[in-house]
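# Secondary and tertiary structure notes
Residues per chain, in single letters:
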Amino acid sequence: MSQRRSSMRSRVLSGAAALVLMAGLSACAPEEEPVEEPTVVPEEPVEPEPEPEPEPEPEAFSMPSSCLDIFPQSRLDNLSSQDLELLGGPGSDEGDDAFFDPTPEQLVGGISCIWADPDGDIADLLISVAPLSASTRPGVVNDLTAQGLNEGTGDDGVITYSQLGDEQGAPAIYNEIADDSWISVISAFGGQVFYDEAVEFAIEIRGEVYE
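All figures in this text were calculated on a predicted structure; none of them were measured in a lab. (Residues numbered from 1 in each chain as written. Predicted model: local features only at pLDDT ≥ 70, side-chain atom pairs only at ≥ 80, totals over all residues. Heavy atoms only, no water.)

### Details of the pattern of salt bridges
Close approach of charged atoms lets side chains of opposite charge pair. This model, assessed by the stated rule, comprises three salt bridges. Between R75 and E204 there is a salt bridge, with the nearest N and O atoms lying 2.8 Å from each other. Of this pair, R75 sits in helix α2 (residues 73-81) while E204 sits in helix α5 (residues 192-209), and the two are 129 residues apart along the sequence. A relative accessible area of 12% places R75 in the buried class. Among the ionic pairs, R206 bridges to D156, the shortest N-O distance being 3.0 Å. With R206 in helix α5 and D156 in the loop between β4 (150-153) and β5 (159-163), the pair connects residues that are 50 residues apart, well separated along the chain. Residue classification places R206 among the partly exposed residues on the basis of a relative accessible area of 23%. Owing to a relative accessible area of 46%, D156 belongs among the partly exposed residues under this scheme. In this structure, a network of salt bridges that share partners links the residues D156, E176 and R206. (Salt bridge = Lys/Arg side-chain N within 4 Å of Asp/Glu carboxyl O. Helix = DSSP H or I, 4+ residues; strand = E, 2+ residues; numbered from the N terminus. Buried < 20%, exposed > 50% of the residue type's maximum accessible area, 1.4 Å probe, protein only.)

What follows is the structure in structure tokens.
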């Protein structure tokens, strides 16, 4: 009987020892490090590339049929306030009969317009607009060059032929030669003021004859 108790006690002790050993081993075992989950970076939405803006179509020259169509109304009113009336060219009472000979602009299909004081004896302004083509443009350029005018280039690439003139009688002259048009302004009076006015006239005319 005492042998059986002793045997059972040994088994109990052995089992207890095994539990203690396992507990010790468990306590000594290194803790597993937590596995870091990969950080998910949200993708930024890809914005579609903007479509290129269509290039503006080049302005087209439109040949006016009347001298009253080459200027905005504000300029026509301004000329009238200076007692300058349309005395020659389409739209005037005289029409083209005011010219003894055709002007160079008329010879290439354009119009020429005279603004003057009805009580005066000079044509204060001779302003012309004409179409140009590949066949007529070279001859116009050659003629303007032969006149000894100052050649230049405008901001928009047009070629200019000009003369400042003076107060002793040399007129102010300004010509713009584009690929498809010719704008000409001749003022009977020269000098910086009248030359600047001629340039302003050409700018206003260009705004009316190009669409």
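### What to know about the sheet that holds β4
Spatially, β1-β2-β3-β7-β6-β5-β4 is the arrangement adopted by the seven strands of the open sheet, whose pairing is antiparallel. Looking at which strands have only one partner, the edges of the open sheet turn out to be β1 (85-88) and β4. Taking each pair of neighbouring strands and ignoring which way they run, the sheet shows an average axis angle of 20 degrees. In this structure, strand β2 (residues 111-116) lies alongside strand β3 (residues 125-131), joined through five bridges in antiparallel fashion. The residue bridging I111 from the neighbouring strand is V129, located in β3. On top of the sheet, helix α4 (residues 137-146) reaches β5, β6 (172-177) and β7 (181-187); it is set at about 155 degrees to β6, its chief contact. (Pairing = 2+ DSSP bridges. Axes fitted to C-alpha atoms, helices over the stretch in contact; angles between N-to-C directions. Contact = heavy atoms within 4.5 Å.)

### Things to note about the environment of S128
Considering the arrangement of structural elements, one finds S128 in strand β3. On the accessibility criterion, S128 (1% relative accessible area) is buried. With near-sequence residues (within four places) excluded, S128 lies in contact with E105, I111, S112, W182, I183 and S184.

### So, the side chain of E204
Since its relative accessible area comes to 18%, E204 is described here as buried. Aside from chain neighbours lying at most four places away, what touches E204 is I70, F71, P72 and R75.

### Some words on the packing of aromatic side chains
Taken as a whole, this structure holds five aromatic pairs when the rule is applied. Summarising the aromatic geometry, the rings of Y174 and Y195 are spaced 6.1 Å apart at their centres and angled 80 degrees between planes, so their arrangement reads as edge-to-face. Here Y195 lies in helix α5 and Y174 lies in strand β6, a separation of 21 residues in the sequence. Ring centres of F189 and F194 lie 5.4 Å apart, and the angle between their planes is 35 degrees; on these two criteria the pair is classed as tilted. On the basis of relative accessibility, which here comes to 38%, the residue F189 falls in the partly exposed class. Classification of F194 as partly exposed rests on a relative accessible area of 32%. (Phe/Tyr/Trp six-rings, centres within 6.5 Å; stacked < 30°, edge-to-face > 60°.)

### As for the confidence of the model for the protein
Confidence along the protein averages 85 in pLDDT terms, with 78% of residues attaining 70 or more. Taken as a whole, residues 1-29 scores under 50 in pLDDT and shows zero contacts with residues more than four places along the chain or in a different chain. (pLDDT = per-residue confidence, 0-100.)

### A look at the pairing of β5
As paired elements, β4 and β5 share four bridges and run antiparallel to each other. Directly across from E151, in β5, lies its bridge partner Y161. Where β4 folds back on β5, the antiparallel hairpin that results is connected by five residues, among which G157 adopts a positive phi of roughly 95 degrees.

### Describing the nonpolar core
By size, the foremost hydrophobic cluster in this structure holds 27 residues, and its most contacted members are I70, F71, W115, I127 and I205. With six residues, the top contributor of residues to this core is α5. With residues near it in sequence (within four places) discarded, F71 still touches L76, L79, W115, I127, F201, E204, I205 and E208. (Core = buried A, V, L, I, M, F, W, Y, C linked by side-chain atoms within 4.5 Å.)

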